[in-house]
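Listed below, chain by chain, are the residues.
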Amino acid sequence: MRLFACCCLAALMMNLQAFAAQAGAKPRDAAPPASPLPTTPPVSDEDKANQLSEQVGKLMVKCVNLLTAQDPLSLDFCKQQRDLADQYPPHQRLVDKMLAYDEYGIALAAFDHKQEALEEFDREVTLVPKAVKPGSPEWSTAYWHRAMIYTQMGQNDKADRDYRAAQENCRKAAKATNTPAAQKKRRTIPRQHAALLQKEGKTEAAAQLLQEAQK
């Protein structure tokens, strides 16, 4: 306490001496203007994105784990992930945003919030041409998942259109990617599309898709 008081008194004395010196100085001896204090440089978009990325990643793991367990808490954690990803600066981490929209959409669909799920998939598809290249797995996934929600909502024409978009992209991806996951997707999408066409009585087109799924 005594040391603290001494420091304060010393500081006050220095201030008084400086004030007295300035008061007694002649105009020609006036002190030069003080230099402006240094300012903190603004945080760049990339730095902000990096700061958010770690938090988004942690929420993504929690969201996916809860979705896998079919836990209703997934709605909360997937929404937190989506909301945080929305804070990325423009043109930064667009794929992260796509994944956040996709996973929250899946959570909403899993617990029968179809219209809200469709809105998330719409946001995801809007980002597709800005975020990824044709032939990428994310491109196919975005249209595929929206096709499924359209099917559940009975909007078969829109579902058919999105299935076609997903399949066309899978064919492009087949030339560059042949992982087990990619192969599974190339089989699953035409089978689901074929099931939709069979309901509509388009048996010939459905048969062609089933044949394609076996390749």
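These notes cover the structure that comes with them. In this text, all values refer to a predicted model and were calculated from it rather than measured experimentally.

Moving on, we come to the packing of aromatic side chains. For the coordinates displayed, the defined rule picks out zero aromatic pairs. Just above the ring of F77 sits the side chain of K62; from NZ or CZ to the centre is 5.6 Å.

This part covers the side chain of T141. When you line up the elements, T141 lands in helix α6 (residues 137-152). Judged by relative accessible area, which is 15%, T141 ranks as buried. Once you skip the residues sitting within four places of it in the chain, T141 turns out to touch D102 and K185.

Looking now at the packing of helix α3 (residues 74-85) against helix α4 (residues 94-110). Running from N to C, α3 and α4 cross one another at 155°; their axes reach a closest spacing of 9 Å. Of the possible angle classes, the one that applies to α3 and α4 is roughly antiparallel. Viewed along their axes, α3 and α4 form a crossing whose handedness is left-handed. Together, S74, L75, C78, K79, Q81, R82 and A85 of α3 and D96, K97, L99, A100, Y101, E103, Y104, A107 and L108 of α4 make up the contact between the two elements.

The subject of this paragraph is the state of the cysteines. What the rule picks out here adds up to one disulfide. C63 shares a disulfide with C78; S-S distance 1.9 Å. Looking along the S-S bond of the C63-C78 disulfide, the torsion reads about 90°, which is the right-handed sense. In this pair, C63 sits in helix α2 (residues 45-68) while C78 sits in helix α3, placing the two residues 15 residues apart along the sequence.

Quick notes on the rules
Residues numbered from 1 in each chain as written. Predicted model: local features only at pLDDT ≥ 70, side-chain atom pairs only at ≥ 80, totals over all residues. Heavy atoms only, no water. Phe/Tyr/Trp six-rings, centres within 6.5 Å; stacked < 30°, edge-to-face > 60°. Lys NZ or Arg CZ within 6 Å of the ring centre and 35° of its normal. Helix = DSSP H or I, 4+ residues; strand = E, 2+ residues; numbered from the N terminus. Buried < 20%, exposed > 50% of the residue type's maximum accessible area, 1.4 Å probe, protein only. Contact = heavy atoms within 4.5 Å. Axes fitted to C-alpha atoms, helices over the stretch in contact; angles between N-to-C directions. Parallel < 35°, antiparallel > 145°, perpendicular 65-115°, else oblique. Left-handed = near helix turned anticlockwise from the far one by under 90°. Disulfide = S-S within 2.5 Å.

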